[in-house]
Amino acid sequence: MATQSKAMKITKRALLVGGLAVGGGLAVGYAYLRDKPGTAGFGAFGEPGAALNAWVKITPDGRIILAVPRAEMGQGVYTALAMLIAEELEVALNQIEVEHPDVDGKYANAFILTEDMPQFRPVIWLVTRVASALPLIITGGSTTIRDGWEAMRRVGASARMMLVDAAAERWGVTPEDCTAKRGAVTHAPSGRVLRYADLAEAAALIKPPADPQLKSPAAFELVGTSAPRLDVPAKVTGAAEFGIDVRLPGMSYAAVRQSPFCGGKLVSYDADSVLALPGVEAVVPVHGGVAVVAQTFWQAKKAIDALDVTFDDGGNGALSSQSISDLYHKALDSGDVISVREDGNFTRALQSSEKTLEAIYEVPFLAHACMEPMNCTALVKGDTAEIWLGIQAPTMSNWGAAEGAGVETDKVTLHVTYMGGGFGRRQEMDIARQAAEIARAVEGRPVKLIWSREEDVKHDSYRPVVLSKFEAGLGESGTLTAWKNRLVLQSIELDYGKRNLPDMLVGNGKADPAILRGAADLPYALPHYTVETVLMDLPVDVGYWRSVAHSHNAFFTESFVDELAHLSQQDPYAFRRALLSQAPRHLNVLDLLAEKADWNKPLEKGRGKGMALHDCFGSVVGQVAEISLSEQGVLRVDRVVCVVDCGMNVNPDTIVAQMESGIVFGLSAALYGEITLESGRIVQSNFPDYEVVKLATMPVIETHIVSSTHTPGGVGETGTPAIAPALTNAIFNAMGQRIRVLPLKNSSFLSV
Amino acid sequence: MVYTLKVNGDTKTLNIDGDTPLLWVLRDHLGLTGTKFGCGVAACGACTVHVDGVAMRSCVLPIESVSGSDIRTIEGLARADVLHKVQQAWIDNQVPQCGYCQSGMIMAVVAFLEENPQPTDEEIDSAITNICRCGTYSRIRKAIHQVANTE
């Protein structure tokens, strides 16, 4: 977690910005001052001064608008941020409207991403890289950078205090005699009341408080309750606007064909083969392939399917999942080993162990398969570009669109919509660049580019293939004394960086924290603890997939811990307990899990249960999976009990929903998920061959939230890692078969 | 070719290629973007609409095959300001997360409950095969039971 701790050391001068909103009224925002300009030519960082983060506006007609330059992709962020504001501003949640401000060059600042979104850790480390790699000097009083827990409340509290001061000034009374409640300020001694709407303009002239008074958590009335989500009503009527729903006057549509070969390049295409087809307007070469523009999407789709196009195989025609696996197994023993953690003396500890164990685990590439296929709408006019899309990383999309359109980054305006799933896929800028390239070719006309599901599956930034070898030793009483883990995989940092960042920011991948989390930072007491990596280079794009390395490392480590428990002839719960004496938060989750899951109660024959514990993104999660195996060997996941300690709760129902969501995502991967290669091509193409959990295969999930006073941790990804090992440990419990390779559909003794 | 459809009660006449799937007719020609594109091969159900009262996956339905039909989409489900009871149950149970699959999910469930007002879990499992990547299935099941009053 070196990068996170570095992030915490970045200090800056934070300030509250108050002032008159456009059209009157009060606007209060949160901003960070930069004292020095960024590198020339790197527009997003070009200007010194304040980079405005989220802000709240109170208009003279009484609307309260919270603008957050980030997108809702299902994780409930709109509602959670609005709840923090509403709590301190003393308004009802349903009085707040949340909107996406357009992101132009000025706001396309990496710091925007670091704020108030614990779920977005993968971006945060990246931003930390950006910040540390650029000559930015950020000084001043250190304050929290990790989340909006404090920042959003400070915004709300400041606005409230300014409104109270404005009322006191108007009445000629002291602010101490005034109270703010339910969107109005009351002067109790005289009984006078003024609504926020009537105070907004006057409040805008008041200096924001240097140190706004925040409520103590004990006084929270809204935060900590399961308030209904603000985005739900629009999502049951079809009214919610996703990127793919954007409609502009005179808009054309585009479909794309990209190389079927990983790393393949466009050799030639015959535009004349489709230009005469109905509605076709243009054929445009783009990054990764070629696009057809037509009057309707269906016309574009038919034309791209009919287009005579040739790609080369990039020299990767012999690459297959088997050849990759062989290569990785070879590298396990003979590759360049990078040591990332070395506590104690593993070799000596292993030699003096009573029992030893070795195991090799392997997981495949995984696609994100967001329900909404990749899409982006773009309009290029002269030296400006506008893009519309649902995106997790506006900054990179801004750069991508600028490159594709051939304009400066500060000439790009980005309109952010709802996302039909993100899961890490929408941190890539590829779609924005392609859309801008196409829009540039038909300048002056807006174009909506939509990838087919097949393009989406075959051109993802996949969760990497990983090979993980363990060696461990047990002492006399069965205690774990030596632990060594060697991981063979591609560096996500390096791969993502090459695709999405300017050269100067691309790391060397050497101690890539994105691939080590959940392996090199285990909560267990391991006196002799060695972790190593061997980095591989493949022409297959890898990127951030919900919970990133935790998604595979939890499977590896928690399965192997289970193996060691059995080797030591201890119950897996008791075995873990003994290793957590120095980790009270984890121990508490584990104990509650054992209680809620009736861990000590045996199951009937043909059934099994397995346990896993994992911490990530500032939260600790424990899960028990219960399965049954029919006589025909059909596996069914019956029940999952989940215990989460994610610190103080903003919205418990959202936490429960996110645990359910993360578990299903991880379960789909464990049961079915794999992207494979044959002859240099991705084999899978659509949901029929990239299966996921459906209603019929959905287990009962029971989530229990630990009452906690810790700073809020992430919940969007934390449900995912533990389910795979909980499930495979349950299979071992039921039938004594150890699963070391995913997905389960490939285990011949099971049909899922 | 000219085709006529009744969409949410309104008659629409369209001059388009006969192989254009109903999904794109609704979205691109009629501006009804509540119906979603997910897979294009009738595998995910995000594009589910009612064709003459039957839930169908519109991404593989050429307009020429449904000409003259009565189409109902998510936009035509609520009556004036009153939500359909399935939509209301979706709100009561806080079903949607990203929300992208939910139009199709709701349309599939509405048609299913019209046919089978009090389904068992097994019947729900075999009838509702739409995909939700956010994993909202538990809440979908709960919402269906709420409407059916079977729990």
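Residues numbered from 1 in each chain as written. Chains lettered and ligands numbered in written order. Predicted model: local features only at pLDDT ≥ 70, side-chain atom pairs only at ≥ 80, totals over all residues.

**Focus on the domain arrangement of chain A**
Residues and elements named next belong to chain A.
Phase 1: The domain boundaries assigned to chain A delineate domain 1 (2-235), domain 2 (243-314 + 374-450) and domain 3 (321-365 + 462-746).
Phase 2: Between domain 2 and domain 3, the C-alpha centre-to-centre distance is 37 Å.
Phase 3: Listed per partner, the contact involves twelve residues of domain 2 and twelve residues of domain 3.
Phase 4: Tallied by class, residues from the side of domain 2 that touches domain 3 come to six nonpolar, four polar and two charged. (Domains from an automatic or database assignment. Contact = placed C-beta atoms within 7 Å. Nonpolar A, V, L, I, M, F, W, Y, C, P; charged D, E, K, R; others polar.)

**Remarks on the domain arrangement of chain B**
Residues and elements named next belong to chain B.
Phase 1: Domains assigned within chain B are domain 1 (2-76) and domain 2 (85-148).
Phase 2: Here domain 1 and domain 2 have C-alpha centroids that lie 21 Å from each other.
Phase 3: Each side of the interface is counted separately: domain 1 has 14 residues, and domain 2 has 13 residues.
Phase 4: Among the elements of the structure, strand 3 (48-51) and strand 4 (54-57) are those that each provide at least two residues to the side of domain 1 that touches domain 2.
Phase 5: At three residues, strand 3 tops the list of elements feeding residues into the side of domain 1 that touches domain 2.
Phase 6: Taken together, the residues that form the side of domain 1 that touches domain 2 break down as seven nonpolar, six polar and one charged. (Helix = DSSP H or I, 4+ residues; strand = E, 2+ residues; numbered from the N terminus.)

**Re the packing of helix 3 (residues 85-92) of chain B against helix 6 (residues 137-148) of chain B**
Residue and element names in this part refer to chain B.
Phase 1: Interhelical geometry of helix 3 versus helix 6 gives an angle of 130° and a closest axis separation of 9 Å. Comparing the axis directions of helix 3 and helix 6 gives the class oblique. Between helix 3 and helix 6 lies a crossing of right-handed hand. Where helix 3 abuts helix 6, its residues K85, V86, A89, W90 and D92 lie against A143, Q146 and V147.
Phase 2: A breakdown of the residues in the contact of helix 3 with helix 6 according to their chemical character gives five nonpolar, one polar and two charged. (Axes fitted to C-alpha atoms, helices over the stretch in contact; angles between N-to-C directions. Parallel < 35°, antiparallel > 145°, perpendicular 65-115°, else oblique. Left-handed = near helix turned anticlockwise from the far one by under 90°.)

**What about the confidence of the model for chain A?**
Phase 1: Taken residue by residue, chain A gives an average pLDDT of 86. The fraction at 70 or more is 85%.
Phase 2: Overall, residues 32-52 of chain A carries pLDDT values under 50, and its contacts beyond four positions in sequence, including any with other chains, amount to 56 contacts. (pLDDT = per-residue confidence, 0-100.)

**Section: helix 21 (residues 723-735) of chain A**
All names here are of chain A.
Phase 1: Given a rise of 1.5 Å per residue, 13 residues ought to cover 18 Å, and the 18 Å separating the end C-alpha atoms of helix 21 matches this to within 8%.
Phase 2: Most of helix 21 sits inside the fold, with eleven of its 13 residues counted as buried.
Phase 3: Where helix 21 is buried, its residues meet helix 17 (550-567), helix 18 (572-579), strand 23 (607-616), strand 24 (619-629), strand 25 (635-645) and helix 20 (652-671).
Phase 4: Once helix 21 finishes, G736 follows within two positions and takes phi at roughly 70°, a positive value. (Expected span 1.5 Å × (residues − 1). Buried ≥ 20, exposed ≤ 12 C-beta atoms within 10 Å, placed from the backbone.)

**Some words on the interface of chain B and chain A**
Phase 1: Facing 45 residues of chain B, the contacting portion of chain A comprises 49 residues.
Phase 2: Elements with a contribution of two residues or more to the side of chain B that touches chain A: helix 1 (22-29), helix 3, helix 4 (102-115), helix 5 (121-127) and helix 6 of chain B.
Phase 3: At four residues, helix 6 of chain B tops the list of elements feeding residues into the side of chain B that touches chain A.
Phase 4: A breakdown of the residues in the side of chain B that touches chain A according to their chemical character gives 23 nonpolar, 16 polar and six charged.

**Remarks on the pairing of strand 23 of chain A**
All names here are of chain A.
Phase 1: The element strand 23 is largely enclosed, with a buried count of nine among its ten residues.
Phase 2: Bridge analysis of strand 23 against strand 24 gives ten bridges, and the strand direction is antiparallel. Bridge pairing in strand 24 places G608 opposite I627. (Pairing = 2+ DSSP bridges.)

**A few points about the packing of helix 17 of chain A against helix 18 of chain A**
Residues and elements named next belong to chain A.
Phase 1: Helix 18 packs onto helix 17 with a crossing angle of 105° between their chain directions and a minimal axis gap of 9 Å. Considering their axes alone, helix 17 and helix 18 lie roughly perpendicular with respect to each other. Where helix 17 approaches helix 18, its residues V561, D562, L564 and A565 are matched on the opposing element by P572, F575 and R576.
Phase 2: A breakdown of the residues in the contact of helix 17 with helix 18 according to their chemical character gives five nonpolar, no polar and two charged.

**Focus on the sheet that holds strand 21 (residues 480-490) of chain A**
Residue and element names in this part refer to chain A.
Phase 1: Pairing is mixed in the open sheet, where five strands are placed in the order 14-22-21-20-15. Looking at which strands have only one partner, the edges of the open sheet turn out to be strand 14 (337-343) and strand 15 (355-363). Averaged over all pairs of adjacent strands, the angle between their axes in this sheet comes to 10°, without regard to strand direction.
Phase 2: Where strand 14 lies against strand 22 (residues 528-536), six bridges are found, and the strand directions are antiparallel. Residue pairing for strand 22: D343 is matched across the bridge by Y529.
Phase 3: Sheet strands in contact with helix 17 are strand 15, strand 20 (466-474) and strand 21, and its direction is about 150° off that of strand 15.

**A word on the environment of W451(A)**
All names here are of chain A.
Phase 1: One can find W451 in the loop between strand 19 (447-450) and helix 14 (453-458).
Phase 2: Separated by 193 residues in the primary sequence, W451 and Q258 place their C-alpha atoms 9.9 Å from one another.
Phase 3: Once residues lying within four places of it in the same chain are set aside, the contact partners of W451 are V256, P373, M374, N375 and D456.

**Section: unusual backbone geometry**
Residue and element names in this part refer to chain A.
Phase 1: Following L742, the chain continues to P743 via a peptide bond in cis, the omega torsion being 0°.
Phase 2: Its identity is not glycine, yet E90 carries a phi of approximately 65°, on the positive side.
Phase 3: Here E90 is to be found in the loop between helix 2 (77-89) and strand 5 (96-99).
Phase 4: A tally of 23 C-beta atoms within 10 Å means that E90 is categorised as buried.
Phase 5: Of note in this structure, Q569 is not a glycine but carries a positive phi near 55°.
Phase 6: Relative to the helices and strands, Q569 resides in the loop between helix 17 and helix 18.
Phase 7: For Q569, a count of 10 C-beta atoms within 10 Å gives the class exposed.

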